[in-house]
Structure formats: C-alpha cells, structure tokens
Amino acid sequence: MTRPLVIAHRGASGYLPEHTLAAKTLAFEMGADFLEQDIVASRDDELIVVHDVLLDRVSDVALKFPGRHRDDGRYYVRDFDLSEIRSLRAWERMHADGTAVYPGRYPAQSGDFGINTLAEELALVQQLNADHDRSVGVYPEIKRPAWHKEEGVDIAPRLLDTLAEFGYVDDLDSVYVQCFDDAEIRRLRNELNCPYKLVQLIGENAWLEAETDYDALRTEAGLREIAASADAIGPRIEHLIEPGADSVPVSTGLVEMAHEAGLAAHPYTFRVDELPDGFASFDDLVSFCVSELGVDGLFTDFPDRVIRLESL
Ligand code: CA
C-alpha cells in the first residue's frame with residue numbers, strides 16, 4: 001500500500017492553535033508532506049494565513065479592538081491592517097461563547113502565538129527544508145475569492161506572485177493551490193496560467209461558501225469538468241463513505257469516479273477527536289480510506305497519527 005500524501009490541516013492543529021507558525025513547525029517535525037495555508041487579505045492587502053475571513057473565533061481581537069466588528073457582530077480580517085493583526089494573539093478555535101470547539105486540544109484563550117503572513121510562513125517552510133534537507137510542500141487555499149473581489153482585493157494573482165517570489169518556479173510539485181470556488185479554479189488554470197497543481201474543494205451547497213454547485217461536481221460529468229482544469233478533488237470524508245449492510249461503511253464510489261476522470265482525491269478532515277459514523281478509531285478510518293478507497297492524500301489535524309500508522 002502506498003502511503004497517501006499527508007497534508008497538515010492548518011498545521012498540527014490537533015495540538016497547537018491552528019495556522020500558528022508553531023503548529024506548522026510541529027507538523028513539519030512530525031513528518032508531514034505538505035503544510036496547509038488558508039489565505040485571506042488584510043485591509044492593506046497583505047496575504048494573511050487565517051482559516052476564515054473572520055478573526056473572532058481564533059484570536060483576542062474582540063478584547064484588543066472592541067467595537068471594530070461589522071453589523072453582524074463579527075470581526076473581519078479585511079477591516080484590520082497587518083500592523084494591527086500582528087498585535088493579536090492567536091487562540092485555539094472557540095465557539096461564540098468562548099468555549100473550545102475541541103475541548104481536548106490546546107487550552108482555550110491561552111498561549112503566546114501570533115497570526116502570520118503567507119510570506120512569513122513560506123520563509124519558515126524554506127528555512128526548515130534547508131535545515132533538515134527535506135522538501136516539504138505548501139498547500140495554500142484561496143478563501144472566498146468572490147467575496148474578496150467585492151471587498152476590492154483579488155487574492156489569486158497576489159498568491160501566484162508571492163509563490164514565484166519565494167522561488168516556487170522549478171519545483172512545481174511542491175505546491176498545490178486549492179479553492180472551493182470552481183470559477184476561480186478555472187480562472188487560475190486558464191487566465192492566470194497557474195503552473196501548480198490545482199485542487200477543487202468540494203463542500204456542501206448549504207455552506208454558501210461559493211456559487212459552486214457541489215452536488216453537480218460529485219457526478220461523473222462534474223468530475224470530468226473539474227479534470228479539465230484541476231488535478232485533484234478535496235471532498236469531505238462524508239462524500240466518500242456511506243453506511244452499508246449492518247451500518248458497516250462502504251464506498252460511495254466517488255474516489256473511483258475521480259480516478260477514472262484522472263483526478264487524485266485528497267479528502268478532509270481526519271481528526272482523532274471527530275470521527276465519522278461507523279468508525280471505532282482514527283486508525284480504522286485512515287486504513288479504510290487508504291486501503292479500501294485508495295485516497296491519494298488526506299488533510300489531517302494529526303499528521304503524526306497518520307505517519308506512524310504501521311499498516312500504511
Ligand atoms: Ca483550508
């Protein structure tokens with residue numbers, strides 16, 4: 001069995017607050033193949049590594065800048081300059097009431113971690129690679145491109161420029177660019193001449209993440225259309241498996257269909273503390289997805305747990 005690519009989802013986020021440089025360093029040391037960056041834009045058009053366009057569930061922004069929220073009560077990265085974002089502390093992800101989303105992880109509202117730019121993270125990855133003679137890759141996601149354009153900033157060309165500035169020119173295998181918006185994936189390939197592998201993320205229409213019809217993408221015709229621009233799909237684990245006889249999980253056929261269309265499959269998100277129905281353990285889940293489904297890569301908050309699985 002070939003071990004799948006291990007993509008550290010927001011870093012080793014099962015152990016340290018997501019997207020902090022500490023979480024990325026830990027994931028690197030654990031042996032991850034790729035480190036993921038979610039990319040959003042600040043008020044002064046800097047590319048910032050944060051999971052959402054929002055700051056309030058992952059930082060102390062509401063304490064440091066009370067009143068700087070929008071009418072919906074939320075604090076947007078886009079409303080803060082980089083210098084202000086630098087003054088924030090990154091916290092373990094929390095609910096609106098301040099309690100932890102994953103109670104067994106890093107303690108809520110504590111720690112001395114900052115929020116970083118894409119450039120700072122790329123510099124870290126390159127330094128770690130040089131120090132350890134490794135070639136760990138980067139896996140940036142363009143967050144909500146249509147929304148960002150309405151806000152007056154176009155992330156995709158800035159991302160490509162930044163990657164080129166950091167020398168990602170010849171080693172094209174070290175970069176995957178991902179997005180939930182299928183129009184942006186097509187634009188990256190056809191208009192912006194993105195030289196990197198592209199990953200069409202597949203979510204749920206109810207999330208309102210983009211105009212994309214994810215139900216249509218998960219059909220043979222949809223996958224063929226994706227394959228015209230992208231190299232892989234990033235579906236939810238729940239898209240890959242369904243309950244069979246006696247509730248034993250079986251394949252939905254999506255990975256097989258993707259492979260037939262020429263696409264790799266990199267599902268998300270493999271979490272020790274959030275298992276899908278039908279699996280007794282994290283190891284069982286990973287083993288099933290690798291050996292039964294043949295996934296080519298996987299996003300995980302716990303890269304060490306995948307890497308040390310002896311059955312892979
Ligand atoms: Ca992401």
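Quick caveat: nothing in here was measured; it's all calculated off a predicted structure.

Chemist: Sorry, what's going on with the overall build of the protein chain here?
Modeler: Secondary structure assignment for the protein chain yields twelve helices and eleven strands. Computed over C-alpha atoms, the radius of gyration of the protein chain comes to 19 Å, within 12% of the 20 Å expected from 2.2 N^0.38 for 312 residues, which places it in the range of a compact globule. Principal-axis analysis of the C-alpha atoms places the extent of the protein chain at approximately 55 × 45 × 45 Å. Taken across its 312 residues, the protein chain has 54% of its residues classed as buried. In the protein chain, 68% of the contacts between residues at least 6 apart in sequence involve partners at least 24 apart.

Chemist: Any chance you could explain the coordination of the calcium ion here in plain terms?
Modeler: Ideal donor angles around a metal are set by the shape: a four-donor tetrahedron calls for 109.5 degrees, a six-donor octahedron for 90 or 180 degrees. Protein ligation of the calcium ion involves Glu-36 (OE), Asp-38 (OD) and Glu-141 (OE), the donor distances falling in the range 2.1 to 2.3 Å. Sequence spacing of the donor residues for the calcium ion, all on one chain, is E-x1-D-x102-E. For the pair formed by Glu-36 and Asp-38, the shared burial category is buried.

Chemist: Could you clarify how one ought to interpret the pairing of strand 11 (residues 297–300) in this entry?
Modeler: Consecutive side chains along a regular strand alternate between the two faces of the sheet. Here strand 11 shows two buried faces, one formed by Gly-297 and Phe-299 and the other by Leu-298 and Thr-300. Bridge count for strand 1 (residues 5–8) against strand 11 is four bridges, and the pairing is parallel. Bridge pairing links Ala-8 to Thr-300 in strand 11.

Chemist: Help me understand the packing of helix 1 (residues 21–30) against helix 4 (residues 118–132) in this model?
Modeler: Look at helix 1 against helix 4: their axes get within 11 Å of each other, and the N-to-C directions meet at 30°. Classified by the angle their axes make, helix 1 and helix 4 are roughly parallel. The interaxial crossing formed by helix 1 with helix 4 has right-handed handedness. On the side of helix 1, the interface is formed by Leu-21, Lys-24, Thr-25, Phe-28 and Glu-29, while helix 4 contributes Glu-121, Leu-124, Leu-128, Asn-129 and His-132.

Chemist: Would you mind showing me how to read the packing of aromatic side chains here?
Modeler: Ring pairs (aromatic) are described by centroid distance and by the angle formed between their planes. Taken as a whole, this structure holds 14 aromatic pairs when the rule is applied. Both rings, one in Tyr-139 and one in Tyr-176, keep their centres 5.0 Å apart while their planes meet at 15°; by these two values the pair is stacked. Highlighted residues: Tyr-139 in strand 4 (residues 137–142) and Tyr-176 in strand 5 (residues 176–179), separated in sequence by 37 residues. Note on Tyr-176: relative accessible area 9%, which makes it buried. In textbook terms, an aromatic cluster arises when at least three aromatic residues are bridged by ring pairs, as seen for Phe-34, Tyr-139, Tyr-176, Phe-180, Trp-207, Tyr-214, Tyr-268 and Phe-299. Between the NZ or CZ atom of Arg-105 and the centre of the ring of Tyr-102, over which it lies, the distance is 3.8 Å.

Chemist: Whenever I open this one, the environment of Gly-294 confuses me. Can you help?
Modeler: Mapping Gly-294 onto the fold places it in the loop between helix 11 (282–292) and strand 11. Expressed as a C-alpha distance, the spacing of Gly-294 and His-259, which sit 35 residues apart in the sequence, is 9.3 Å. The contacts of Gly-294, once residues within four sequence positions are left out, are Val-255, His-259 and Cys-289.

Chemist: Is there a simple way to think about the nonpolar core in this case?
Modeler: Side chains of a nonpolar character, in soluble globular proteins, are inclined to be buried together. Formed by 75 residues in total, the largest nonpolar core has its most connected members in Leu-163, Val-177 and Ile-233. The biggest single contributor to this core is helix 11, with six residues. Here Ile-233 is in contact with Val-199, Gln-200, Ile-202, Leu-223, Ile-226, Leu-254, Ala-258, Leu-263, Ala-264, Ala-265 and His-266, once residues within four sequence places are set aside.

Chemist: Any chance you could explain the state of the cysteines here in plain terms?
Modeler: Cysteine pairs can be covalently joined through their sulfur atoms, and such a bond is termed a disulfide. Tallied over the full model, the rule gives zero disulfides. Free cysteine: Cys-179, not disulfide-bonded; nearest cysteine sulfur from Cys-194 at 11 Å.

Chemist: Can you help me understand helix 7 (residues 182–190) in this one?
Modeler: An α-helical segment advances 3.6 residues per turn. Residues three or four places apart therefore align on the same side. Every buried residue of helix 7 is listed here: Asp-182, Glu-184, Ile-185, Arg-187 and Leu-188. Looking at the buried side of helix 7, the elements it contacts are strand 4, helix 5 (145–150), helix 6 (155–165), strand 5, strand 6 (197–201) and helix 8 (214–217). Sitting at the amino-terminal end of helix 7 is Asp-181, which places a side-chain oxygen 2.9 Å from the backbone nitrogen of Ala-183.

Chemist: Before we go on, may I ask you to explain unusual backbone geometry in this structure?
Modeler: Trans peptide bonds make up the majority, and among non-glycine residues the majority have a negative phi. The omega torsion across Tyr-268 and Thr-269 is -10°, close enough to zero to call that bond cis. Its place among the elements puts Thr-269 in the loop between strand 10 (264–265) and helix 11. For His-19, which is not glycine, the phi dihedral falls at a positive 65°. With respect to the secondary-structure elements, His-19 resides in the loop between strand 1 and helix 1. Residue His-19 is classed as buried on the basis of its relative accessible area, which comes to 3%. Of note in this structure, Asp-246 is not a glycine but carries a positive phi near 55°. Along the chain, Asp-246 turns up in the loop between strand 8 (241–243) and strand 9 (249–251). Judged by relative accessible area, which is 75%, Asp-246 ranks as exposed.

Chemist: Mind showing me how you'd approach the pattern of salt bridges here?
Modeler: The tally for this structure, following the rule as stated, stands at 35 salt bridges. Two residues, Asp-56 and Arg-74, come together in a salt bridge whose shortest N-O distance is 2.6 Å. Of this pair, Asp-56 sits in the loop between strand 3 (47–49) and helix 2 (61–64) while Arg-74 sits in the loop between helix 2 and helix 3 (82–86), placing them 18 residues apart in sequence. Between Arg-68 and Glu-84 there is a salt bridge, with its nearest N and O atoms 2.9 Å apart. Within this pair, whereas Arg-68 is found in the loop between helix 2 and helix 3, its partner Glu-84 is found in helix 3, the two being separated by 16 residues in sequence. A network of salt bridges, in which partner residues are shared, links Arg-105, Arg-271, Asp-273, Glu-274 and Asp-301.

Thresholds applied
- Residues numbered from 1 in each chain as written.
- Predicted model: local features only at pLDDT ≥ 70, side-chain atom pairs only at ≥ 80, totals over all residues.
- Heavy atoms only, no water.
- Helix = DSSP H or I, 4+ residues; strand = E, 2+ residues; numbered from the N terminus.
- Rg over C-alpha atoms; globule rule 2.2 N^0.38 Å.
- Buried < 20%, exposed > 50% of the residue type's maximum accessible area, 1.4 Å probe, protein only.
- Contact = heavy atoms within 4.5 Å.
- Donors = N, O, S within 2.8 Å, 3.2 Å for Na, K, Ca; no water.
- Pairing = 2+ DSSP bridges.
- Axes fitted to C-alpha atoms, helices over the stretch in contact; angles between N-to-C directions.
- Parallel < 35°, antiparallel > 145°, perpendicular 65-115°, else oblique.
- Left-handed = near helix turned anticlockwise from the far one by under 90°.
- Phe/Tyr/Trp six-rings, centres within 6.5 Å; stacked < 30°, edge-to-face > 60°.
- Lys NZ or Arg CZ within 6 Å of the ring centre and 35° of its normal.
- Core = buried A, V, L, I, M, F, W, Y, C linked by side-chain atoms within 4.5 Å.
- Disulfide = S-S within 2.5 Å.
- Polar contact = N/O pair within 3.5 Å; in protein donor to acceptor, adjacent residues only side chain to side chain.
- Salt bridge = Lys/Arg side-chain N within 4 Å of Asp/Glu carboxyl O.

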